[in-house]
Amino acid sequence: MRRIGEGAVRVFKTLAGQDRDEPMSSYAIALYTFLLAVAMILFLAWISGAPIECVIRASC
């Protein structure tokens, strides 16, 4: 598990344009956490078969 975590941090740093030795900024961590949350919501909406109008407007 530790190797997987270290590999994920290296990928995140590369995507954020940071040097591997530089500590990961809190902005990059917050950005990827937000994007993960959005992806999870969209995936769950897709699995449940919710209409796209309900997902976009959050009105259902």
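I will try to describe carefully the structure that is included in this document. Starting from 1, residues in each chain are numbered consecutively following that chain's sequence as written. Only residues with pLDDT of 70 or above have their local features reported here, since the model is predicted, and side-chain atom pairs are shown and tallied only from 80 upward, although totals for entire chains, interfaces and linings are computed over all residues. Where side-chain values are given, they derive from all heavy atoms of the structure, hydrogens and water being excluded.

**With respect to the overall build of the chain**
Then comes step 1: Helix and strand labels come from DSSP, where a helix needs a run of H or I of at least four residues and a strand needs a run of E of at least two; each type is numbered from the N terminus. Of regular secondary structure, the chain possesses three helices and zero strands.
Then comes step 2: Since a compact globule built from 60 residues should have a radius of gyration of about 10 Å, the 16 Å found for the chain marks it as more spread out than a globular shape.
Then comes step 3: Principal-axis analysis of the C-alpha atoms gives the chain an extent of 45 × 25 × 15 Å.
Then comes step 4: All accessible areas in this document rest on Shrake-Rupley with a 1.4 Å probe, and a residue is counted as covered only by the protein chains that are shown. Carbon and sulfur atoms make up 67% of the accessible area of the chain, which totals about 5300 Å².
Then comes step 5: For the chain, the distance from the average site of its 6 positive side-chain charges to the average site of its 5 negative ones is 6 Å. In this treatment the radius of gyration is a C-alpha quantity, and the globule benchmark scales as 2.2 Å times the residue count to the 0.38 power. Asp and Glu count as negative and Lys and Arg as positive, but His and the ends of the chain are not part of the count. Throughout, a charge is located at the NZ atom of Lys, the CZ atom of Arg, the CG atom of Asp or the CD atom of Glu.

**What about helix 2 (residues 26-48)?**
Then comes step 1: For helix 2, built from 23 residues, the straight-helix expectation of 33 Å at 1.5 Å per residue is met to within 8% by its first-to-last C-alpha distance of 33 Å.
Then comes step 2: All buried positions along helix 2 are accounted for by Ala28, Tyr32 and Ala45.
Then comes step 3: By the convention used here, residues are in contact when the closest approach between their heavy atoms is within 4.5 Å. Those residues of helix 2 that are buried lie in contact with helix 1 (2-16) and helix 3 (52-57).
Then comes step 4: Gly49 occupies a position one or two residues after helix 2 and carries a positive phi of about 80°. By this rule the span expected of a helix is its residue count minus one, scaled by 1.5 Å. Relative accessibility under 20% of the residue-type maximum defines a buried residue, over 50% an exposed one, and the middle range a partly exposed one, all with a 1.4 Å probe and only protein chains included.

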